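# Breakdown of the fold
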4 protein chains.
Amino acid sequence: MLSPDDKRFIIRLVPGAEFHTHRGRIRHDDILGLPLGRKIMSHLGQPFVVLQPSTHDLIMNVGRSTTIMYPKEIGYALLKLGVGPGKRVIEAGTGSGALTAALAYYVRPDGRVYSYEVREEMQRLAVRNLTRLGLAEFVEFKVQDISAGFEEREVDALFLDVREPWLYLAQAYAALKGGGFFGALVPTTNQIVGLLKGLAEYPFVDVEVAEIILRFYKPIPERVRPMDRLTAHTGYLLFARKVQPGLAGQLGVAPEEDSSQGK
Amino acid sequence: MLSPDDKRFIIRLVPGAEFHTHRGRIRHDDILGLPLGRKIMSHLGQPFVVLQPSTHDLIMNVGRSTTIMYPKEIGYALLKLGVGPGKRVIEAGTGSGALTAALAYYVRPDGRVYSYEVREEMQRLAVRNLTRLGLAEFVEFKVQDISAGFEEREVDALFLDVREPWLYLAQAYAALKGGGFFGALVPTTNQIVGLLKGLAEYPFVDVEVAEIILRFYKPIPERVRPMDRLTAHTGYLLFARKVQPGLAGQLGVAPEEDSSQGK
Amino acid sequence: MLSPDDKRFIIRLVPGAEFHTHRGRIRHDDILGLPLGRKIMSHLGQPFVVLQPSTHDLIMNVGRSTTIMYPKEIGYALLKLGVGPGKRVIEAGTGSGALTAALAYYVRPDGRVYSYEVREEMQRLAVRNLTRLGLAEFVEFKVQDISAGFEEREVDALFLDVREPWLYLAQAYAALKGGGFFGALVPTTNQIVGLLKGLAEYPFVDVEVAEIILRFYKPIPERVRPMDRLTAHTGYLLFARKVQPGLAGQLGVAPEEDSSQGK
Amino acid sequence: MLSPDDKRFIIRLVPGAEFHTHRGRIRHDDILGLPLGRKIMSHLGQPFVVLQPSTHDLIMNVGRSTTIMYPKEIGYALLKLGVGPGKRVIEAGTGSGALTAALAYYVRPDGRVYSYEVREEMQRLAVRNLTRLGLAEFVEFKVQDISAGFEEREVDALFLDVREPWLYLAQAYAALKGGGFFGALVPTTNQIVGLLKGLAEYPFVDVEVAEIILRFYKPIPERVRPMDRLTAHTGYLLFARKVQPGLAGQLGVAPEEDSSQGK
């Protein structure tokens, strides 16, 4: 739902319910009877537009109040991790559920997301967010310290968004299937160093460190130029793949410089 | 399949077939009998690792010989276009099928991709690529000039990767459902201007112009630094959403500067 | 002068005068008697550090209240324009004098800056700024419309920071000496198009279009990472060189892609 | 001198001498008799254009065969270090003399550059480069290990382009005057960490870590877009200022995030 001042509201439509803003009330039943892309007036005569949310909208909506992985990182990570219909994926920590929502959306209908978080109240927030989006049924939420290990085995992919991911590499290796995809997000270059050192201790190959910068331009045809300010940094992404012991050294972990492989 | 010198080969396993490289032959039956992430020796004694490809690998493999949309753009576009299981999506042109492969992968099992291309031999290449990846069954390939319009109606999303996308906005508008997602990739700023002018003629809202820069770092813990050279530019992404006539002017097409909406 | 909360103040020391802030007063005479890099206390007991300003400080100080060219652009432009001791340089418009200050600083002691501006009150501000910095004596300020042409001939370099620089290329060409350096700053890609078209009408060679992105990192050794937000855009820089009529077509204006010439 | 295929040659004109390329010979006397910006034909009838070099050209010419600081870094560093006419500046190491050339160019006519290098043959190359450019007289070249300290005192600025700059901070502090400008270039994030830790041990304030990205655009008005590939990384710049002992802790070394100070 897009308001007259371009604000977005994501609501789950329930017959009989009402949507309230300072620009007036709208009855869910009225929205339910309307094709998408149409205008609907609030009881104060303010025009809203009814639109279904994109995955991008879902992610940004979930992250409204906390630090999150952004769509620019999530989209790339989905492709690098091979996440798709039917896959089984572990993530830790859950946070407010931004990545969880994207993973759940894309493993549907037969896949499964296992989401670990130590802070109970944080995961409650994520459960609420995913439930509102209709995606909670594809996720097993676990309030658990991952230093004790993950309960799943042979998962297709595993993503760590925690402060010291290098502490959990044995656990990650144990949970992944052969060839499984490992990913992590870290905000600082010091953490890149820590994680690369950790990965070198386990049989992982195909290590990649990447940073994604998203630049918006003013959508005015007479004055096309980048926006004045931009979010310069969310974090660095690291990816690797599990192989059987003994293979990592033999194959070399460093992609060649300027390879054509990863633009 | 990862070779000793870190080259990637994507092969479709067929009982009885053989895989040939200058580093020796491997029988598909031998690969089929092996868990993933394991080593397999060619008949010349060279070690290969058997891994399933990520979506990222699929995309890069398809694009090996032509200019393509890269994973950094594709991942973000998937989220912005709300592409996911069950969606119906149009794209034009097909090119060598890099975006087609990603769309097909993510609309499975119930969605559908309609892929238009005027150059017959180009689309033949794409069909071959998608067939090899096992994704062709989710795509309807059409060798057709889109100036005559698209044959589908009420599609969820539509993406134009053509030289003059502004020429086909009436056709795109007609094919999209209300609230449907429009996207395009253009390499030059002149084309941004052309497309923004075109979009202003039709009832589209929520226009965004973005550019994604991907930077790789050397994965060596003692010397973490960006790679020396990088692919500086693939193109600019534009997104918009279809609404009913009369709404665009009223709501304003320009997102506010520095909005929290689109990191 | 650096305050306890890391604010910068640039002051011209005058015997007998006093410096006032909400953190207390400091007598100029006390500062004059002190070696640089030392602490000085205000009458409220607040510690300040006395430092001479860098050229960077001078530029940022001048631009405090208006849109300006930033040091990242100015530093690069100085090198591209060959500005140095003894050079004669034209600029238009003056603005608040940020570029003027840098040019004046670097043409000293024998060079000269000719600075044109149509808005009288704006140039008054620039004169005040340059006077405060002790640089006004190297500049001839002119409140004049440059469409009537520049009064100087055979200048070494000329820089346009105006809305429609392509309107003044005949005037710029006339003022430059053979081989002279032309430069311009424009905020939008539309203006790049306009200026490139204009430059093609005159005998200019060696055309370059560049954009400079400056990224700051947090100076904390345990958490080295880019600052969260950054000024994404000031403008695009264009450079070219005057040659005799007939040479431009023959030599080609486009630098080769990926040339080693201009990193 | 610009060749028909847009190559640059920097030559020092000597009466009686000749300039040789595979496109033919040109007598220096003929060039000396010609205004700049004019065409001159080689004895094979190939057209060259005679242009004076910019500071940018000088720098790039010096660095032709080695890794160097690029104009994008040098321009910004000049402003941050307050280098200008009359200043006394130390640099180490000399390398092939790219930064040396820029410093010498800008401290003229009364300033002085002190350039330290341990590799004798490298400094010989730099001396040759600076002599060719007519800038050697402003530089004192020293083949010396800087761990023994610098011979100068009270210099205005000091720049380290060495592998482990944190080893020489006591020496740098001793050579700088109060408020003097310290700068360094390091290629890796690990070195940023090392240098920040080192700087915290000495009375330096106003620490800044920056990275400059230069992006070229194709200068074709119909297709304005970034060049396909770019040099992604030269290094990170660090700056700081010397104050008297005891002040650093009191004032805080970290600039506030998003400050308006340092665009």
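Anything mentioned here points back to the structure above.
These notes cover the structure that comes with them. Please read these numbers as outputs of a predicted model, since none were measured by experiment. (Residues numbered from 1 in each chain as written. Chains lettered and ligands numbered in written order. Predicted model: local features only at pLDDT ≥ 70, side-chain atom pairs only at ≥ 80, totals over all residues. Heavy atoms only, no water.)

## As for the interface of chain B and chain A
To keep it simple, the criterion reads: Throughout, a contact is declared for two residues whenever any of their heavy atoms are within 4.5 Å. Buried area is understood as the total, over both parts, of accessible area removed when two parts are fitted together, assessed with a 1.4 Å probe. By definition here, a salt bridge exists when the distance from a side-chain nitrogen of Lys or Arg to a carboxyl oxygen of Asp or Glu is within 4 Å. N or O atoms closer than or at 3.5 Å make up a polar contact, with two conditions inside protein: a donor-capable atom paired with an acceptor-capable one, and, for residues adjacent in sequence, both atoms drawn from side chains. The helix count covers DSSP runs of H or I at least four residues long, the strand count covers runs of E at least two residues long, and both are numbered beginning at the N terminus. When residues are grouped by polarity, Ala, Val, Leu, Ile, Met, Phe, Trp, Tyr, Cys and Pro land in nonpolar, Asp, Glu, Lys and Arg in charged, and all others, Gly among them, in polar.
Facing the 87 residues of chain B at the interface are 88 residues of chain A. Between chain B and chain A, roughly 8,000 Å² of surface is buried when both sides are summed, and carbon and sulfur atoms account for 60% of that area. Taken together, the links from chain B to chain A amount to four salt bridges. Between D57 of chain B and R241 of chain A there is a salt bridge, with its nearest N and O atoms 3.7 Å apart. Viewed at the interface, chain A and chain B are joined by 19 residue pairs in polar contact (both at pLDDT 80 or more). By residue number, the principal contributor to the side of chain B that touches chain A is strand β10 (residues 204-217) of chain B, which donates 13 residues. Along the lines of polarity and charge, the residues of the side of chain B that touches chain A split into 44 nonpolar, 18 polar and 25 charged.

## Quick look at the relation of the copies chain B and chain A
Operational definition: Alignment of the copies relies on least squares applied to C-alpha atoms, considering only residues that score at least 70 for pLDDT in both.
Least-squares fitting of chain B to chain A yields an RMSD of 0.1 Å, with the transformation described by 0.0 Å of translation along the axis and a rotation of 180°. Viewed as a symmetry operation, the transformation between the two copies matches a two-fold axis. Relative to the rotation axis, the C-alpha of G75 of chain B is the closest in chain B, positioned 1.9 Å from it. Most of the interface of chain B is mirrored in chain A, where 100% of its interface residues are also at the interface.

## Considering the interface of chain C and chain A
Each partner contributes to the interface: chain C provides 22 residues, whereas chain A provides 22 residues. When the two sides are added together, the surface that chain C and chain A hide from each other amounts to roughly 1,800 Å², 43% of it contributed by carbon and sulfur. Of the charged contacts, one joins R215 of chain C and E211 of chain A as a salt bridge, the two residues approaching to 2.4 Å between their closest N and O atoms. Elements represented by at least two residues in the side of chain C that touches chain A include exactly α7 (189-199), β10 (204-217) and β11 (229-231) of chain C. Looking at the side of chain C that touches chain A, the element that brings in the most residues is β10 of chain C, giving four residues.

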